[in-house]
Amino acid sequence: MGIDNLTPVSKMEGFAIQGIKGAARNHQDRVSHVRSSICEIINRKLREITGNLDAKMQWSAYFARVVSRYLVIVDGWPDNIPFVNLSSVSSSLPQLERLLNKWETGEIQWKRITQ
């Protein structure tokens, strides 16, 4: 028939590889979306509790630029997830989704402190 026997096999291999790449890309997109959602809720709730529309979470200088300035702390952060910039946290989607859910339900929240 003039059909190369390797053509269907190579097409199937290419399809499988593209599928894996697509799944990985989809996972990265979801991780990125959840991270963005967490950052948005952290900043929105910080602005709400401080009344300062310019307030923004500062991971690298959390105590100096957030705690000392606004007299608030993050309360309820899970012990098994490092309290660091979310871009430094693993790309574990379940961990990130857990953080987002806890912020949304109020299990993690900004809490006022006294000097």
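The structure reproduced in this document is the subject of the present report. Quick caveat, the model's predicted, so the values are computed rather than measured. (Residues numbered from 1 in each chain as written. Predicted model: local features only at pLDDT ≥ 70, side-chain atom pairs only at ≥ 80, totals over all residues. Heavy atoms only, no water.)

Here we take up the packing of aromatic side chains. Per the counting criterion, the structure on display carries 6 aromatic pairs. Both rings, one in tyrosine 62 and one in phenylalanine 83, keep their centres 4.9 Å apart while their planes meet at 75°; by these two values the pair is edge-to-face. Of this pair, tyrosine 62 sits in helix α2 (residues 62-70) while phenylalanine 83 sits in the loop between β1 (72-75) and α3 (93-105), and the two are 21 residues apart along the sequence. Given a relative accessible area of 8%, tyrosine 62 falls into the buried group. Joined through ring pairs, the aromatic side chains of Trp59, Tyr62, Phe63, Trp77 and Phe83 make up one cluster. (Phe/Tyr/Trp six-rings, centres within 6.5 Å; stacked < 30°, edge-to-face > 60°. Helix = DSSP H or I, 4+ residues; strand = E, 2+ residues; numbered from the N terminus. Buried < 20%, exposed > 50% of the residue type's maximum accessible area, 1.4 Å probe, protein only.)

All right, on to the side chain of asparagine 43 then. Among the structural elements, asparagine 43 can be located in helix α1 (residues 6-50). In contact with asparagine 43, not counting residues within four places along its chain, are Ala55, Lys56 and Met57. (Contact = heavy atoms within 4.5 Å.)

Our focus in this paragraph is the pairing of β1. Within a regular beta strand, the side chains point alternately toward one face of the sheet and then the other, so they alternate between its two faces. Here β1 shows one buried face, formed by Val72 and Val74, and one open face, formed by Ile73 and Asp75. Both β1 and strand β2 (residues 109-112) contribute to a ladder of 4 bridges, which runs antiparallel. Bridging from a neighbouring strand, isoleucine 73 pairs with lysine 111 of β2. (Pairing = 2+ DSSP bridges.)

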